[in-house]
Amino acid sequence: MVGNPFVTYLDKFNVLSPNHSKIYDEYSHDTELEQSFEFTISTKIENHLKNIFSNNPHSVILTGNAGDGKTRLCRLIYDEFAEDRLENWPESGIVTVSYEKGTIKIVKDLSELKEEVMYNILLELQNYVYNQHTDRTFFLIAANEGKLSKTLSRYNDLDFLRKQIMSRFDSHENNDNQLSVINLLDVTSSVYVEKVLREWNKEEYWRACEHCEKKTHCIIYLNHRRTSQPNVQQKIVDQYRLLDYLETHITLREMLIHMSYLLTGGYVCKDILEADHRHIGEQSKKVYYQNFYGVGIGEEAFSEMKALKIFRTLDPGTYSYSAIDDFIVNGDINGDKEIEELYNRVFDNDLDMEFDYFNKTIKFYREHSQEIDSSFLDDWMPRLRRKLYFELGGQKYFNTLKLLPFEYLEQYISLFDNKNAQTNIRKDLVNGLNRAFSRRFIQKFKSSFQLKVSNETLMIYGSFDKRRIDFSQELEREDLDRLPSKFFLIVENEVKLKINLSVFEYLMRLNSGGTHNILSQEVEILLNTFRNELIQISEPDEEVLEIYRLDRENGVYVEHELDE
């Protein structure tokens, strides 16, 4: 048995492997393999770009991080409108396509070019945009946002183009039929994960494993079987969805690296086939729910794999929840037949449980807890919390969201596409804001509510009642793959506070009596900016000074007016 060639393909995404390929967009077909693999992920932006150059041609700038797919999109547009396919980029990184609507000049990466060349391209682009593309020449430019902004600000004669581009950086809604700037950082990370998991778990890619004598001892094959299950796939997507809620972006490249490691744990078939008993024990620890968070991997991997570094802060294995911990230790002797069956179904005797080792040891632990090394549970509890989080279907007995570091995640999720819930949540958020601004435990409003703009001196600069406060969900994008992931609290239809999961969690904790130290670093700059903008539109009564004073009887701060 020589192994599964698809596993060899996945190893090309392993940044720690000598087989690692850095050009994910352009090597999907590998002629060196006896059997090669190709896959594509359909995206909205592809169709949007095709539609622009087909029906309403104008110049387009693509920005984003390395790995967001800018080069792939440039190649796709060339292949769509040129008579031939682009085999290799010229050294200049610039190609030209003539088609029925005019000419498209495609710049693979503006940031790689010498500054003089960049300047000339931007000057040319400025002329096209200013003259409304009367000569029917259109640019498609991939660029780094920082480098692009720096170059534009350096030359006064690019001022027109700079203003045009900056307005589009402010909002994609400022794109028009002369120039579009599309930031691929706006793509939500969760959109493509399920597509990749479904593609890479197709049975046709794993048929070579079916007759392998080592498949019951193969952690790669086990990871394939588990991540083929719809409920497990959904939990993986849910974890990526958390990043959307937190406005943390994972590039397509980083996601592919992460999903590859999730499946293989960094191993190839040779490692499995040559493994002895000791190696099998080590390989069993590379189960997908451990790999997802980079458990047991060296620090150099975290520097190479951004996804691991980010997800480590969301690891359900590190958060203890008594009901779940008790189930892990005692669920098979619970006394409730359904719970015991659930326990045996989740904590089975498969490879990741080291076959019957865990079940035998946990029984021994219960009977002889004073005689067993306490490190046994220290090692296994985080691992089994992760397993339970991903593999327990439904929430009938245990709410696995309790293993995540957010108290109000369920409520946050429930707000999407629920106008009534969005309207009702305003009062709690406003109370949280009142406490955030003053940094005091402010008394809640009993019926109606008002947003009081104050600071730590306890002076109130202005008030806004509920009729002047709106709460809305971000709109879905038609041009690229972005799921609505945040909300806005809008005062006087003028001042807007972006509310992502971090801000929501912070304000809801303050609303329920929590302290200011949790999540403060993530949200305080945003809240201070919001407060300053509110002060600017406030109209305080010049004859009455409004402050907060301590109500010692109730232990809260209340409003108080000081007349002249």
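Here the structure is a predicted model, which is why all the values come from computation and not from measurement.

Visitor: An account of helix α17 (residues 322–330) is needed here, citing residue identities and associated values.
Guide: When α17 is considered as a whole, its buried residues turn out to be I324, D325, F327, I328 and V329. Tucked into the core, α17 has its buried residues touching α18 (337–346), α19 (357–367) and α20 (375–391).

Visitor: Just give me the short version of the packing of aromatic side chains, but keep the residues and values in it.
Guide: For any pair of aromatic rings, the description rests on two quantities: the centre-to-centre distance and the angle between the ring planes. In the structure shown here, the tally under the stated rule is 33 aromatic pairs. A ring pair is formed by F13 and W200, whose centres lie 5.2 Å apart and whose planes are at 55°; its orientation type is tilted. Placement of the pair is F13 in the loop between α1 (5–11) and α2 (44–55) and W200 in helix α7 (residues 193–200), with a sequence separation of 187 residues. Judged on exposure class, the residue F13 and its partner W200 are both buried. Among the aromatic residues, those joined into a ring-pair cluster are Y240, Y288, Y289, F292, Y293, F311, Y389 and F390.

Visitor: Account for the packing of helix α10 (residues 230–245) against α20, naming residues and giving values.
Guide: Relative orientation of the contacting elements α10 and α20 amounts to 105°, with a least axis distance of 8 Å. Considering their axes alone, α10 and α20 lie roughly perpendicular with respect to each other. Side by side, α10 and α20 meet where N231, V232, K235, I236, D238 and Q239 of the first sit next to Y389, F390 and E391 of the second.

Visitor: Break down the sheet that holds strand β3 (residues 102–107) for me, with residues and values.
Guide: Consider a sheet: its strands pair through backbone hydrogen bonds, and that pairing is either parallel or antiparallel. Across the sheet, which stays open at both edges, the five strands sit in the order β2-β3-β4-β1-β5 with mixed pairing between neighbours. The open sheet has two edge strands, β2 (94–99) and β5 (179–183), and neither has a second partner. The average undirected angle you get between the axes of adjacent strands in this sheet is 15°. Relative to β3, β2 is paired through six bridges, and the arrangement is antiparallel. Note that in β3 the partner of Y99 across the bridge is G102.

Visitor: Requested: an account of the pattern of salt bridges, with residues and values cited.
Guide: All chains considered together, the criterion is met by 37 salt bridges. With a shortest N-O distance of 3.1 Å, E199 and K202 are connected by a salt bridge. In this structure K202 comes out as partly exposed when scored by relative accessible area, which is 34%. Between E492 and R468 there is a salt bridge, with the nearest N and O atoms lying 2.5 Å from each other. Of this pair, E492 sits in the loop between β9 (487–491) and β10 (495–499) while R468 sits in the loop between β7 (459–465) and β8 (469–473), and the two are 24 residues apart along the sequence. For R468, a relative accessible area of 32% translates into the label partly exposed. Through salt bridges with shared partners, one network takes in R225, R226, D348, D350, D352, K387 and E391.

Visitor: Explain the nonpolar core to me, and be specific about the residues and the numbers.
Guide: The biggest cluster of nonpolar side chains holds 141 residues, and the ones touching the most others in it are W200 and M259. Top contributing element to this core by residue count: α20, with eight residues. If sequence neighbours within four positions are ignored, W200 has contacts with F6, Y9, L10, F13, F39, Y205, W206, L256, M259, S260 and L263. In terms of nonpolar packing, the next biggest core, distinct from the first, is built from 21 residues, Y119, I121, L148 and V181 among them.

Visitor: Quick rundown of a nonpolar patch on the surface? Include the residues and the values.
Guide: Taken together, M459, L545 and L562 make up a surface patch of nonpolar side chains, about 210 Å² in accessible area. Along the chain, the position of L545 falls in strand β11 (residues 544–551). Its relative accessible area of 36% is what places L545 among the partly exposed residues.

Visitor: Requested: an account of the pairing of β9, with residues and values cited.
Guide: Counting buried residues along β9, five of its five residues qualify, which places the element largely inside the surrounding structure. Burial along β9 is two-sided: the residues F487, L489 and V491 and F488 and I490 are all buried. Sheet topology note: the β8/β9 ladder contains five bridges and is antiparallel. Each bridged residue has a counterpart across the sheet, and for D470 the counterpart in β9 is I490. Here β9 runs beside β10; their pairing, made up of five bridges, is antiparallel. Bridge pairing in β10 places V491 opposite V495. Hairpin connection, β9 to β10: the antiparallel pair is bridged by three residues, and E492 has positive phi, about 55°.

Visitor: Kindly report on the sheet that holds β10, identifying the contributing residues and their values.
Guide: Spatial ordering of the open sheet is given by β8-β9-β10, a layout of three strands whose pairing is antiparallel. Only two strands of the sheet have a single partner each, and these edge strands are β8 and β10. With strand direction ignored, the average angle separating the axes of adjacent strands in the sheet is 20°. On the sheet, helix α22 (residues 419–438) packs against β8, β9 and β10 and is oriented at approximately 125° with respect to β8.

Visitor: How would you explain the confidence of the model for the protein chain if you had to name every residue and give the values?
Guide: Put simply, the protein chain has an average pLDDT of 90, and 95% of its residues get 70 or more. In this model, residues 26–31 is a region of pLDDT below 50 whose contacts with residues beyond four sequence positions or in other chains number 14 contacts.

Visitor: Please provide a residue-by-residue account of unusual backbone geometry, values included.
Guide: Even without glycine at this site, E354 takes up a positive phi of about 55°. Secondary-structure assignment places E354 in the loop between α18 and α19. For E354, a relative accessible area of 23% translates into the label partly exposed.

What counts, and at which threshold
Residues numbered from 1 in each chain as written. Predicted model: local features only at pLDDT ≥ 70, side-chain atom pairs only at ≥ 80, totals over all residues. Heavy atoms only, no water. Buried < 20%, exposed > 50% of the residue type's maximum accessible area, 1.4 Å probe, protein only. Helix = DSSP H or I, 4+ residues; strand = E, 2+ residues; numbered from the N terminus. Contact = heavy atoms within 4.5 Å. Phe/Tyr/Trp six-rings, centres within 6.5 Å; stacked < 30°, edge-to-face > 60°. Axes fitted to C-alpha atoms, helices over the stretch in contact; angles between N-to-C directions. Parallel < 35°, antiparallel > 145°, perpendicular 65-115°, else oblique. Pairing = 2+ DSSP bridges. Salt bridge = Lys/Arg side-chain N within 4 Å of Asp/Glu carboxyl O. Core = buried A, V, L, I, M, F, W, Y, C linked by side-chain atoms within 4.5 Å. Patch = residues over 30% accessible without salt bridge, like charges linked within 9 Å, V, L, I, M, F, W, Y side chains within 5 Å. Areas by Shrake-Rupley, 256 points an atom, 1.4 Å probe, with all protein chains shown as cover. pLDDT = per-residue confidence, 0-100.

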